[in-house]
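Here are the chains, one letter per residue:
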Amino acid sequence: MDDSAPPPDLAPPGFSIAPAEQLLRLPGFWPAYYVPTWDDFADEPELFGADGADVDAAVDALYGPVDPWPAYRLPLAGGHVLWIVHSNHPEDSGTDYVITHPAWSRSGRLASIEGHFSGPGLSWPELLAVAGSAPPGAEGVLDPGTRLLLLLPAFGDADVPTEEAVRRIGDALTAAGMAAEAAPGAAERFLDHPFWDGPTWTPQGPSPLSGTTREPSPLPLCDGPYSPRTVRLAQGITADQERALAAALTVRHPVAVPDGRNVSPSPGSP
């Protein structure tokens, strides 16, 4: 599998997946995208400069019985790609958040927004790091604000700094076309997830009862009862691969600035 190939273990027989970043340009994309989690935005499409017809058209494009299933690629460091896939099964459409790498035999599941939901898959620091760490020149969604907005349904963390979160999400909403005066109130709504309520994330240490010599995971585990990350992410990868994955999810990379220099973002900056 190359860096841009769809996850081979996600679509069942008879279905396929294809990148569909062009859907982000639909006028009603954002209210439609949030329907499975924050459906009240569909009743206020004007917040995003859209109307009801725009939202209906976007819902059909995202969640309708289309083949291939539409997906968005969020490239990360080291060849990792976070895929957001609208898994539109005929009787249970949903959205899956998975990480792939060419050297892995199967993908690492972060979250699923569907009838049998699972998540969260990202802590607040990971959300910011992933949003702001698109490798230059990669294929897929590279804009930090767009990446942040796409990942909000997969995020959950009891230790979110509320003021900072409202500011960062509000800035991303404003860049997506929302009026500046409406963005802070809308941003606050994203901090109340309908599927999980503020789970905590704990760094891992060696366990004297584990009976194994393998080093602890460099990634935290989540205590949310519905989270796939109550266990190690991407089971079956090597210790070196797990360290590379941790770097992809937590390390903030240099970003270009107008005068051509490269600077490292401030801590927590997307």
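Rules behind the numbers
- Residues numbered from 1 in each chain as written.
- Predicted model: local features only at pLDDT ≥ 70, side-chain atom pairs only at ≥ 80, totals over all residues.
- Heavy atoms only, no water.
- Helix = DSSP H or I, 4+ residues; strand = E, 2+ residues; numbered from the N terminus.
- Buried < 20%, exposed > 50% of the residue type's maximum accessible area, 1.4 Å probe, protein only.
- Contact = heavy atoms within 4.5 Å.
- Areas by Shrake-Rupley, 256 points an atom, 1.4 Å probe, with all protein chains shown as cover.
- Core = buried A, V, L, I, M, F, W, Y, C linked by side-chain atoms within 4.5 Å.
- Salt bridge = Lys/Arg side-chain N within 4 Å of Asp/Glu carboxyl O.
- Phe/Tyr/Trp six-rings, centres within 6.5 Å; stacked < 30°, edge-to-face > 60°.
- Lys NZ or Arg CZ within 6 Å of the ring centre and 35° of its normal.
- Pairing = 2+ DSSP bridges.
- Expected span 1.5 Å × (residues − 1).
- Arc of directions from axis to C-beta.
- Axes fitted to C-alpha atoms, helices over the stretch in contact; angles between N-to-C directions.

## Overview of the overall build of the chain
Thinking step 1. Broken down by element type, the chain carries seven helices and nine strands.
Thinking step 2. A total of 270 residues make up the chain; the buried ones form 46% of that total.
Thinking step 3. Of all intrachain contacts in the chain linking residues separated by at least 6 positions in sequence, the fraction that spans at least 24 positions is 60%.
Thinking step 4. Accessible area of the chain: about 12200 Å², with a carbon and sulfur share of 53%.

## A few points about the nonpolar core
Thinking step 1. Counting residues in each nonpolar core, the largest one holds 60 residues, and the members touching the most others are Y33, Y72 and L173.
Thinking step 2. Residues in contact with L173, not counting those within four places in the same chain, are F48, L149, M178, A183, A186, A187 and F190.
Thinking step 3. In this structure, L10, W69, A71 and V85 belong to the second largest nonpolar core, which totals eight residues.

## Regarding the pattern of salt bridges
Thinking step 1. This structure, assessed with the given rule, holds eight salt bridges.
Thinking step 2. R232 is the partner of E242 in a salt bridge, and the nearest nitrogen-oxygen pair spans 2.5 Å. A residue pair is termed long-range when its members are at least 10 positions apart, and E242 in helix α7 (residues 239-250) and R232 in the loop between β7 (221-222) and α7 qualify at 10 residues.
Thinking step 3. The exposure class of E242 is buried, given its relative accessible area of 3%.
Thinking step 4. Put simply, E21, R73 and E139 are held in one network by salt bridges that share partners.

## Details of the packing of aromatic side chains
Thinking step 1. Inspection of the entire model under this criterion finds 19 aromatic pairs.
Thinking step 2. Pairing Y34 with W38 gives two aromatic rings, centres 5.7 Å apart and planes at 75°, and the pair type is edge-to-face.
Thinking step 3. With relative accessibility at 0%, the residue Y34 sits in the buried group.
Thinking step 4. The exposure class assigned to W38 is buried, which follows from its relative accessible area of 5%.
Thinking step 5. Consider the rings of F117 and W196, whose centres lie 6.3 Å apart with planes at 50°: the pair is tilted. One end of the pair, F117, is in the loop between β5 (108-113) and α3 (124-131); the other, W196, is in the loop between α6 (183-189) and β6 (201-202), with 79 residues separating them in the sequence.
Thinking step 6. A relative accessible area of 7% means that W196 is categorised as buried.
Thinking step 7. Over the ring of F41 we find R189, and its NZ or CZ is 4.2 Å from the ring centre.

## What to know about the pairing of strand β3 (residues 81-89)
Thinking step 1. Burial of β3 is extensive: eight of the nine residues sit out of reach of the surface.
Thinking step 2. Note: strand β2 (residues 69-75) against β3, five bridges, orientation antiparallel. Its bridge partner lying in β3, R73 is registered against W83.
Thinking step 3. In sequence, β2 turns back onto β3 through a hairpin of five residues, with G78 there showing a positive phi of about 70°.
Thinking step 4. Hairpin connection of β3 to strand β4 (residues 92-100): two residues between the antiparallel strands.

## Some details on α7
Thinking step 1. Taking 1.5 Å as the rise per residue, α7 with 12 residues should run 16 Å; its terminal C-alpha atoms sit 16 Å apart, in good agreement.
Thinking step 2. Within α7 the residues assigned to the buried category are E242, L245, A246, A248 and L249. The buried residues of α7 occupy an angular sector of 160° when projected down its axis, which confines them to one face.
Thinking step 3. Where α7 is buried, its residues touch β4 and α3.

## Things to note about the sheet that holds β5
Paired through backbone hydrogen bonds, the strands of a sheet run either parallel or antiparallel to each other.
Thinking step 1. Sheet architecture is open: five strands sit in the order β1-β2-β3-β4-β5, paired in mixed fashion. Both outer strands of the open sheet, β1 (17-19) and β5, are each paired with one neighbouring strand and no more. Sheet twist, expressed as the mean angle between neighbouring strand axes with direction ignored, is 25°.
Thinking step 2. In terms of strand pairing, β3 meets β4 through nine bridges, oriented antiparallel.

## With respect to the environment of A176
Thinking step 1. Turning to its location among the elements, A176 is positioned in the loop between α5 (162-175) and α6.
Thinking step 2. With a relative accessible area of 29%, A176 lands in the partly exposed category.
Thinking step 3. When the C-alpha positions of A176 and G49 are compared, they lie 9.5 Å apart, and in sequence the two are 127 residues distant.
Thinking step 4. Filtering out sequence-adjacent residues up to four positions away, A176 remains in contact with W30 and L149.

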